[in-house]
Amino acid sequence: MEETVLRPLLQEIVPDTDWTYTKKRDAQEIVPGLWLGPFGAARDKEFLQRASITDALVVRAPEEARIILGAYPEVIRYEVLECCDSPFENIIRFFPNVKQLIDVVLGRGGRILVHGNAGMSRSAALVVAYVMQRFELTSDLAHHYVLTRRHCISINEGFRNQIREYEMLHKVQLQFGQGAPGAGGQDPQGLPHGQKRSLEAAPMET
């Protein structure tokens, strides 16, 4: 059943069946144009050029602001989402607007890297939620699919539970034709008010 549901996705991006430990230091393409990886990949100019990355969603806690920075603001558009890697963090509030941001980037032919520090928990949770919504998968199938591309993801249980909760909310909203849950309160930049900084609004530190 899982293979049948995921087959269209797996045809677009072939699962990595030769995963090695060192690959956790690299970013992987999850669906066409959407990459997930660690901060190290965001600093790798050769990778960014090879993958034609145009945008980056930087997921970091406030205390990481001086460490996790946008390295190439002259060529990449950065959006920052402040989120702690804690099972008690309310990450579900970001899901609708992160989907909107990714859809906008991909819709204009861009390519986006979503990363935190290790690219394993916070950023992975956002990507799993995106895949779940975009392809109307269950939370477990979406998680399984992302694992086929980046085997090292390790989403904390609090985030996993919020993705499952959002799955139920999303299904109800779709059933009643009301769009994605929590879609109100968006701004044109695509992230919740007070939770983003764009190059246009406020250039990031370099």
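Placed above this text is the structure.
Scoring rules and cut-offs
Counting restarts for each chain: residues are numbered from 1 in the order of the written sequence. Residues qualify for local features only when their pLDDT is at least 70, as the model is predicted, and side-chain atom pairs are given and counted only at 80 or more; totals for whole chains, interfaces and linings, by contrast, use all residues. Derived side-chain values reflect all non-hydrogen atoms in the structure, with water molecules and hydrogen atoms excluded from consideration. Every helix listed is a DSSP run of H or I at least four residues long, and every strand listed is a run of E at least two residues long, numbered separately from the N terminus. The classification of residues rests on relative accessible area computed with a 1.4 Å probe and restricted to protein chains. Under 20% of the type maximum is buried, over 50% is exposed, and intermediate values are partly exposed. The definition of a polar contact used here is a pair of N or O atoms within 3.5 Å, where within protein one atom must be able to donate a hydrogen and the other to accept one, and adjacent residues in sequence count solely through side-chain atom pairs. Think of it this way: DSSP has to see at least two bridges between two strands before they count as a pair. A fitted line through C-alpha atoms represents every axis, and for helices the fit uses only the stretch in contact; the resulting angles, taken between N-to-C directions, go from 0 to 180 degrees. By definition in these notes, contact holds between two residues if any of their heavy atoms fall within 4.5 Å. Reported orientations rely on four angle classes, namely roughly parallel under 35 degrees, roughly antiparallel over 145, roughly perpendicular from 65 to 115, and oblique for the rest. The residue classification treats Ala, Val, Leu, Ile, Met, Phe, Trp, Tyr, Cys and Pro as nonpolar and Asp, Glu, Lys and Arg as charged. All others, Gly included, are polar.

Colleague: Got a minute to help me understand the side chain of Ser 139 in this structure?
Modeller: When you line up the elements, Ser 139 lands in helix α6 (residues 139-149). Residue class for Ser 139 comes out buried when judged on its relative accessible area of 6%. Polar contacts involving the side chain of Ser 139 include one to the side chain of Glu 167, which spans 2.7 Å.

Colleague: What exactly am I supposed to notice about the sheet that holds strand β1 (residues 28-31) here?
Modeller: Each strand in a sheet pairs with its neighbour through backbone hydrogen bonds, running either in the same direction (parallel) or in the opposite one (antiparallel). Read from one edge to the other, the open sheet built from five strands follows the order β1-β2-β5-β3-β4, with strand pairing classed as mixed. Looking at which strands have only one partner, the edges of the open sheet turn out to be β1 and β4 (77-82). For this sheet, the mean inter-axis angle between neighbouring strands, taken without regard to orientation, is 25 degrees. Against the sheet, helix α4 (residues 95-107) touches β2 (34-37), β3 (55-60), β4 and β5 (112-115), its axis set at about 150 degrees to β5. Packed onto the sheet, α6 meets β1 and β2 and runs at close to 150 degrees relative to β1.

Colleague: Help me understand the packing of α4 against helix α5 (residues 122-135), please; the structure alone is not making it clear to me.
Modeller: Helix-helix packing is characterised by the crossing angle of the two axes and by the distance between the axes. One can describe the packing of α4 onto α5 by two numbers: an axis separation of 9 Å at closest approach and a directional angle of 75 degrees. With respect to α5, the axis of α4 lies roughly perpendicular. Facing Phe 95, Pro 96, Val 98, Lys 99, Ile 102, Asp 103 and Leu 106 of α4, the residues of α5 in contact are Ala 125, Leu 126, Ala 129, Tyr 130, Gln 133 and Arg 134.

Colleague: Explain the packing of α6 against helix α7 (residues 157-175) here, please?
Modeller: The N-to-C vectors of α6 and α7 enclose an angle of 130 degrees; their axes lie 9 Å apart at closest approach. In terms of orientation, α6 lies oblique with respect to α7. Residues Ser 139, Asp 140 and His 143 of α6 touch α7, and the partners they reach there are Arg 160, Ile 163, Arg 164 and Glu 167. Taken together, the residues of the contact of α6 with α7 sort by class into one nonpolar, two polar and four charged.

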